[in-house]
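Given next are the chains, with one letter for each unit.
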Amino acid sequence: MAAQIFKKVIPTKLASSQHVHSIRFLKYFENGAKTTYIASRELNSPSGVSKLDNLALEAEKVVGYQTSLVRCLLSDEISSVLVHSKKLVGSRHPLLKTARSLLYDGAEGFEAVGLIVLLMSGCGEGLMTEGAPLGQQLVSGIQQKQRKLAEVAEMINTGYMVHLGVVNKSDFQSLDDIKIMNFGNKVTVLTGDFFLAKASVGLSELENTEVVDAMASVIGDIVEGETMKDCKTVNDTGLAEWEEVIFKSQGSLFAKSCLAALKLYSSPQHHQDAGFTFGKNLALLRQLFKDYQEINTELKTVALINAVVIQNKHILPPDVLENPLNTQIAVPESTRLKLQNSKTAEKIEDLANSYRNNALESLECFPNSKAKTCLENLVKHLVVGQNK
């Protein structure tokens, strides 16, 4: 049954991917009458695979299986949501784009927060201050509860991404458009709430109050971060404020999930702090990397939350500076060339180096392992500008 549901969902991914060659179903474990299935990607020849793809695949081998939303996507509830979402095909509602981005990994294997959580769990193997919990099955040195934590982190992230797809119906004039947008918003809210509800159930299964407290606070941080994007203007935002917004909306999930993974091992406090520091700096570095990559394309529009734009807001028209950070603006050719100027990027490159160094230093306290090497390789891959 699980495989049948998955085959209904996955063709969108296979049709859009040039790299994915096939999907293999593996039986992970059986619990009474319940059998959980996972999926393993098989890629085409290495010539069609990016370096980041290879890093992600190597990491998946280290942690035991590909971490994703597979388990959640196999549920009857999500299958039903996808059926209703077909009504949005042809509309401009962003829910379908969000669903496509979740189903299609492409070169975004390391976008999955769950994979980072499992790698951090692997780094903590051997650091337990207490014995292994009774009845805990280890796979690739990772506890079942740590894998559950990775799923919870994925579900929180997905619920957040889906909720961002709610559109303002006042932007549409046609009654037909308003009707379909209303329907899309209902499906979006219900789907996002479903993921968050599943995350709450998953948290209760971890049976660790400190972990529950840390992960529950992530949702509050995300809401606060998104509110800051709506309230703060470019004029009163510098790189320090940008860092705060990105940490609240993204970094908190990475930082507190890594910390929670080590708490489940009852690791020493300084290792838990190191996990938090790594997650925070990795999230900031990833976003800086994305912002820099976005600017160095033939872009026509850009969000004002982009770090390169904030650092160089003096080149923007005065009327733009009073817009909220989540505003998309058109980018004339002259403005784009100024943003892409090498001198313009120097401050951004220095900031990226700082995040990279902090992330790598935070890993030094962990013993050498394949999981640690995977995290180091990821951080070293995220190069901004000409810095090596």
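Predicted model, so just to flag it, every value in this text is computed and none were measured.

Peer 1: I'm lost on the packing of aromatic side chains in this one. Help?
Peer 2: For any two aromatic rings, the description comes down to two numbers: the centre-to-centre distance and the angle of the planes. Per the stated rule, a full pass over the model turns up 2 aromatic pairs. With a centroid separation of 5.9 Å and an interplanar angle of 65 degrees, the aromatic rings of phenylalanine 194 and phenylalanine 195 are classed as edge-to-face. Per residue, the accessibility class of phenylalanine 194 equals that of phenylalanine 195, and both read buried. Here lysine 280 stacks its cationic end above the ring of phenylalanine 247, 5.5 Å away from the centre of that ring.

Peer 1: Even after reading the chapter, I still don't get the side chain of glutamine 250, so can you show me in this structure?
Peer 2: As for its position among the elements, glutamine 250 is in helix α11 (residues 239-263). Engagement of the side chain of glutamine 250 in a polar contact is seen with the side chain of glutamine 287, the distance being 3.0 Å. When sequence neighbours within four positions are dropped, the list of residues in contact with glutamine 250 reads Ala283 and Gln287.

Peer 1: Teacher, can you tell me more about unusual backbone geometry here?
Peer 2: Both trends apply: most residues other than glycine have a negative phi, and most peptide bonds are in trans. Phi is positive for glutamate 207, which is not a glycine, with a value near 55 degrees. Inspection of the secondary structure puts glutamate 207 in the loop between α9 (175-206) and α10 (209-231). Positive phi is not limited to glycine here, since serine 266 has a value of about 55 degrees. Looking at where serine 266 falls in the secondary structure, it is placed in the loop between α11 and α12 (269-295).

Peer 1: Help me understand the environment of aspartate 230, please; the structure alone is not making it clear to me.
Peer 2: Relative to the elements of secondary structure, aspartate 230 occurs in helix α10. Note on aspartate 230: relative accessible area 46%, which makes it partly exposed. Separated by 93 residues in the primary sequence, aspartate 230 and asparagine 323 have C-alpha atoms spaced 9.1 Å apart. When neighbours within four sequence positions are excluded, aspartate 230 is seen to be in contact with Pro324 and Asn326.

Peer 1: Where do I start with the nonpolar core in this structure?
Peer 2: Buried together is how nonpolar side chains tend to be arranged in soluble globular proteins. The biggest cluster of nonpolar side chains holds 85 residues, and the ones touching the most others in it are Leu119, Met120, Leu149, Met215, Trp242 and Phe278. The residues touching leucine 149, leaving out its near neighbours within four places in the chain, are Val117, Leu206, Val211, Met215, Ser257, Ala260, Ala261 and Leu264.

Peer 1: Mind showing me how you'd approach α10 here?
Peer 2: Count 3.6 residues to each turn of an α-helix, and residues three or four apart come out pointing the same way. Here α10 contains 23 residues, and its C-alpha end-to-end distance of 33 Å stays within 8% of the 33 Å for a straight helix at 1.5 Å per residue. All of the buried residues along α10 are Val211, Ala214, Met215, Val218, Asp221, Ile222, Gly225, Glu226, Met228 and Lys229. The N-terminus of α10 is capped by asparagine 208, whose side-chain oxygen sits 3.1 Å from the backbone nitrogen of glutamate 210.

Peer 1: Can you help me understand the packing of α12 against helix α16 (residues 370-381) in this one?
Peer 2: A pair of packed helices is characterised by two quantities: the angle between their axes and the separation of those axes. For the pair α12 and α16, the least separation of the axes is 10 Å and the interaxial angle reads 35 degrees. With respect to the hand of their crossing, α12 and α16 are arranged in left-handed fashion. In this structure, α12 uses Phe278, Leu282, Leu285 and Phe289 to contact α16, whose residues at the interface are Leu375, Leu378, Val379 and His381. Across the contact of α12 with α16, the residue classes break down as 7 nonpolar, 1 polar and no charged.

Peer 1: What should I look at first to understand the pattern of salt bridges in this one?
Peer 2: Where charged atoms of side chains with opposite charge meet at close range, the side chains can pair. Enumeration according to the criterion identifies 10 salt bridges in this entry. A salt bridge links glutamate 210 to lysine 263; its shortest N-O distance comes to 3.1 Å. Taken together, the residues glutamate 210 in helix α10 and lysine 263 in helix α11 connect sequence positions 53 residues apart. Taking the relative accessible area as the measure of exposure, glutamate 210 reaches 49% and is therefore partly exposed. The salt bridge involving aspartate 221 is made with lysine 256; its shortest N-O contact spans 2.8 Å. One end of the pair, aspartate 221, is in helix α10; the other, lysine 256, is in helix α11, with 35 residues separating them in the sequence. Across the pair, lysine 256 and aspartate 221 agree in class, each one buried.

Peer 1: Before we go on, may I ask you to explain the packing of helix α15 (residues 346-363) against α16 in this structure?
Peer 2: Running from N to C, α15 and α16 cross one another at 170 degrees; their axes reach a closest spacing of 10 Å. Between α15 and α16, the crossing angle belongs to the class labelled roughly antiparallel. Facing Arg356, Ala359, Leu360 and Leu363 of α15, the residues of α16 in contact are Lys372, Leu375, Glu376, Val379 and Lys380. Class assignment for the residues of the contact of α15 with α16 results in 5 nonpolar, no polar and 4 charged.

Here is what the cut-offs are and how they apply
- Sequence order as written defines residue numbering, which begins from 1 separately in each chain.
- Per-residue local features are limited, in this predicted model, to residues with pLDDT of at least 70; the limit for side-chain atom pairs, both in listing and counting, is 80 or more; totals at the level of whole chains, interfaces and linings are taken over all residues.
- Side-chain metrics rest on all non-hydrogen atoms present in the structure, leaving aside hydrogens and water.
- For Phe, Tyr and Trp, rings pair up if their centres lie within 6.5 Å, where Trp contributes its six-membered ring, and each pair is then called stacked (planes under 30 degrees apart), edge-to-face (over 60) or tilted (otherwise).
- Each residue's exposure class comes from its accessible area (1.4 Å probe, protein chains only) as a fraction of the maximum for that residue type: buried when under 20%, exposed when over 50%, partly exposed otherwise.
- For a lysine, the NZ atom is tested; for an arginine, the CZ atom; a charge sits over a ring if that atom is within 6 Å of the ring centre and within 35 degrees of the ring normal.
- The helix count covers DSSP runs of H or I at least four residues long, the strand count covers runs of E at least two residues long, and both are numbered beginning at the N terminus.
- Between N or O atoms, a polar contact is any pair within 3.5 Å; within protein, one atom must be a potential hydrogen donor and the other a potential acceptor, and residues adjacent in sequence are included only when both atoms are from side chains.
- Residue contacts are counted whenever heavy atoms from the two residues lie within 4.5 Å of one another.
- Here, the term nonpolar core denotes a set of buried Ala, Val, Leu, Ile, Met, Phe, Trp, Tyr and Cys residues that are joined through side-chain atoms within 4.5 Å.
- To estimate how far a helix should extend, the number of its residues minus one is multiplied by 1.5 Å.
- Angles shown run from 0 to 180 degrees and are taken between the N-to-C directions of axes, each axis being a line fitted to C-alpha atoms and, for helices, limited to the stretch in contact.
- Throughout, a crossing is termed right-handed when the near helix is turned clockwise from the far one, and left-handed when it is turned anticlockwise from it by less than a right angle.
- In the scheme used here, Gly and all other residues not listed as nonpolar or charged are polar, with Ala, Val, Leu, Ile, Met, Phe, Trp, Tyr, Cys and Pro taken as nonpolar and Asp, Glu, Lys and Arg as charged.
- For this document, the term salt bridge refers to a Lys or Arg side-chain nitrogen within 4 Å of an Asp or Glu carboxyl oxygen.
- Roughly parallel here means an angle under 35 degrees, roughly antiparallel means over 145, roughly perpendicular means 65 to 115, and every remaining angle is called oblique.

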